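Here's the letter readout for the chains.
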Amino acid sequence: MRYVTDRPPGHTPRISRWPDRAGELAIVGLLVCVFIAGLGMLAAFVPVGHGFVPKGGGWFIPAVAGGAFTLHPLFVAVPWAACFVLGLLDWRRPWRVEHLDLLALAGFFPVAMLLSDDLPQPGLWLAAVCLGWLFSRMLGAAFGKWPMPQLRPSISSRRLGWAIVILLLVRVGTLAGSNILDVGQASSLGAWRLLHGLHLYGAVFWQGPSGLWIYHPGSYGPFAYYAYIPFVALFPPAPALLATLLPALCFDALTLAGLHTLGRRLGGRPLAHAFVFAYLLYPFPDLSLMAQTNDALIAALCVWTIVAAERPVARGLLMAAVALTKFLPALLAVQFLGVRRGRTRYALTLAASLAAILTWPLITSGPAQFLDSTFGYQLIQRGDGVQFSIWTYLPHEAIAARAVLAAALVLLALSPLVRPPVRDTREHAALAAALLIGAQLLLGYWFYSYLTWFYPLLVIAIIQARSDREAPDTSAHGADRYRDVAVVIGAGSGLPHAR
C-alpha cells in the first residue's frame, strides 16, 4: 500500500484501498472457480447412472427427467451454472449476504447431477440444506428481521435486452430435446376425459385413445386438468405432443409476462428486464418446460396473484385455481386473507371458486374417491408418504417432524391476520416463497422441477435493477478507490489533488 503524504496541513494521511479491493476480488473469483471446477469434476469423474426405483415404486431415469442437462452435465449443466453465477454476482460488493442466496440457488445444479448419478441420498440432503437457507432468508425478510435482499444482474440494464433475447433463443432451442413426462400426459388425458364426461378420480390406470396406459394419473387437483381443456379440444387426441407442449409453453410465457408486468410497476423497464433475465437464466423452469410438466402453471398463478394483490376478486379466483392444482399452495390462499382491503370479497370469491372447481369431481367420483386418489395416495400409499425426500432416510423422525412443520406452516400462513398489514409487494412475495419452500421441505416426494413453483416469487423478492446511469463502481470502496488513485497520480505528477 502507498501512504499519501502530499496533503495540506491538518489532513491525516490516507491509505489506498486498491490492493485490498483487488485481493477481495481475487478471493471471490477463486471461490467461484472452485465451485465451477467442483461441478466439472463431478460431471467428468462420476458417471451418469441408469436410473433407480425410489421407495414405494415409481422410477427415475435421467434421460427422461432432464435430457441433455442430466445426461451430458459437463457440456450443459456446468456451463449453465457458470453463466447463472456470473450473471447475478455483484463484483462491486463481493461479500454481500445475497451471494449466499445465489449459492443456495446454484446448489441445485449439483443436486440434479447427483440424482442423475444414482446418488439420491447426498443429492436430497444438499437440496434440503439449500431449501432451508432460502426458507430462513425469505422468512426473515418477510418479518423484517433481515433487510430485503437486493441481488442485481452483473450486466447493465442497457445490455439486458440483448441478454434476454439470447436466453429466449436458447429456451426455444431446448424445446428440440423436449419429451413428455407422465405429469403432462396425465393432465392432458384428464382434460380429454372431462371433455367426454368421464370421472377423474378412482381409477388406478387411465387408457388414452392411442392405447397409452398411465399409472395413478388422478393424484392432482382438478384444476391441473381443467387448464389443459382448451389445448386438448384444439389438438386431439390426448395426450398428443401439442396438447402437452403448448400448455407448458403458455404457462411459462404467462409467468414471464407476470414478472415483466410487475417489474414495470415496481421499478420501470430496468426492473422488468432484471426480473425476466433472472428467470430465464435459471435452468430449472426450462427443464420443467422441456419435460412438459404442469409445474409452471403454479408459478404463473402465483405471480399473477402478486400482480393482482389489490384486486380481491381476481386474487380469490387465482388462489382457488392454484390451491386445487397441487394442494400445497393452499397455504398462499390463507396468507392472502391477511390483506385487509376487500377481505370479505376475497374470502367469498375464494370459497365460491373452490366449490365450483370441486363440483364435477365430487359428483362423478364422490368425496371418498377424491380424497383417496389425491391425499390418500400422496400421503399414505406412495411409499408411506416418504418416497423420495430426506424423510425417506429418517422414517421414524418423519412422523413427528413433518406434523410439527405442517402446523408451523399453517400458523405462518395465518400470521398476516394478526400482524400489521403488509403493504410492500416484495414482502408478499417473500412470505409466499417462504410458505412454498417450507411446504417442499415437508414433502415426502420432492423433485427439482418443483423449484419452478417458488423461483419466480424469489425473483420478485430478491432481484433489483441496475441503473442505466450507474457508474462502473458506485460502492463506498469503489469511490475510495478512484479518489485514492487520483491522489496518488496527482502526488507523482505535480497535478492538483482530487478532493
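Not measured: the values here are computed from a predicted model.

## Here we look at the overall build of the protein chain
Check the secondary structure of the protein chain and you find 22 helices and four strands. Relative to its 499 residues, the protein chain shows a buried fraction of 55%. Within the protein chain, residue pairs in contact and separated by at least 24 positions form 76% of the contacts whose partners lie at least 6 positions apart. Here the protein chain displays about 21300 Å² of accessible surface, and carbon together with sulfur accounts for 68% of that area.

## Describing the packing of aromatic side chains
Across all of its chains, the model carries 23 aromatic pairs by this definition. A connected cluster of aromatic rings, assembled from ring pairs, spans Phe69, Trp80, Phe84, Phe109, Tyr279, Tyr282, Phe284, Phe447, Tyr448 and Tyr455. Arg315 extends its terminal NZ or CZ atom over the ring of Tyr346, reaching a point 4.6 Å from the ring centre. Over the face of the ring belonging to Phe143 we find Arg419, whose NZ or CZ atom lies 4.2 Å from the ring centre.

## Concerning the layout of surface pockets
Estimates place the volume of the second largest pocket at around 320 Å³. In terms of lining, the second largest pocket is formed by 13 residues, of which the most central are Leu31, Val32, Leu89, His99 and Leu103. Mapped by element, the contributors of at least two residues to the lining of the second largest pocket are helix 1 (18-45) and helix 5 (98-106).

## Concerning the nonpolar core
With 145 residues, the main nonpolar core has Phe84, Phe108, Trp446 and Tyr448 as its most contacted residues. A total of 14 residues in this core trace back to one element, the largest contributor, which is helix 12 (residues 241-281). With residues up to four places along the chain from it excluded, the contact list for Phe108 reads Ala127, Cys130, Leu131, Leu134, Tyr282, Phe284, Trp446 and Leu451.

## Some points on a nonpolar patch on the surface
On the surface, Val410, Leu411, Leu414, Leu417 and Val418 cluster together to form a nonpolar patch covering roughly 450 Å² of accessible area. For Val418, the position within the fold is in the loop between helix 19 (395-414) and helix 20 (425-442). Overall, the relative accessible area of 74% leaves Val418 in the exposed class.

## Observations regarding the pattern of salt bridges
Counted according to the given criterion, the structure contains seven salt bridges. A salt bridge links Asp252 to Arg171, with the shortest nitrogen-to-oxygen separation between them at 2.8 Å. Residue Asp252 is located in helix 12, and its partner Arg171 is located in helix 8 (residues 157-174); the two are separated by 81 residues in the primary sequence. Classification of Asp252 as buried rests on a relative accessible area of 3%.

## What to know about the packing of helix 4 (residues 77-88) against helix 12
Relative to each other, helix 4 and helix 12 sit at 155°, their axes nearing to 10 Å. Taken together, the axes of helix 4 and helix 12 are roughly antiparallel relative to one another. When you trace helix 4 past helix 12, the crossing you get is left-handed. On helix 12, the residues touching Trp80, Cys83, Phe84, Gly87 and Leu88 of helix 4 are Phe277, Ala278 and Leu281. Looking at the contact of helix 4 with helix 12 residue by residue, the class counts come to seven nonpolar, one polar and no charged.

## Things to note about unusual backbone geometry
Phi at Gln292 takes a positive value of approximately 60°, unusual for a residue other than glycine. With a relative accessible area of 0%, Gln292 lands in the buried category. A positive phi angle, near 75°, is found at Phe327, a position not held by glycine. Mapped onto the elements of the fold, Phe327 is located in the loop between helix 15 (312-326) and helix 16 (330-335).

About the criteria used
Residues numbered from 1 in each chain as written. Predicted model: local features only at pLDDT ≥ 70, side-chain atom pairs only at ≥ 80, totals over all residues. Heavy atoms only, no water. Helix = DSSP H or I, 4+ residues; strand = E, 2+ residues; numbered from the N terminus. Buried < 20%, exposed > 50% of the residue type's maximum accessible area, 1.4 Å probe, protein only. Contact = heavy atoms within 4.5 Å. Areas by Shrake-Rupley, 256 points an atom, 1.4 Å probe, with all protein chains shown as cover. Phe/Tyr/Trp six-rings, centres within 6.5 Å; stacked < 30°, edge-to-face > 60°. Lys NZ or Arg CZ within 6 Å of the ring centre and 35° of its normal. 1 Å grid on protein atoms, 1.4 Å probe; cavity = no way out; pocket = protein on both sides within 12 Å on 5 of 7 lines; lining within 4 Å. Points joined across faces, edges and corners; volume = space filled by probe spheres on them. Core = buried A, V, L, I, M, F, W, Y, C linked by side-chain atoms within 4.5 Å. Patch = residues over 30% accessible without salt bridge, like charges linked within 9 Å, V, L, I, M, F, W, Y side chains within 5 Å. Salt bridge = Lys/Arg side-chain N within 4 Å of Asp/Glu carboxyl O. Axes fitted to C-alpha atoms, helices over the stretch in contact; angles between N-to-C directions. Parallel < 35°, antiparallel > 145°, perpendicular 65-115°, else oblique. Left-handed = near helix turned anticlockwise from the far one by under 90°. Nonpolar A, V, L, I, M, F, W, Y, C, P; charged D, E, K, R; others polar.

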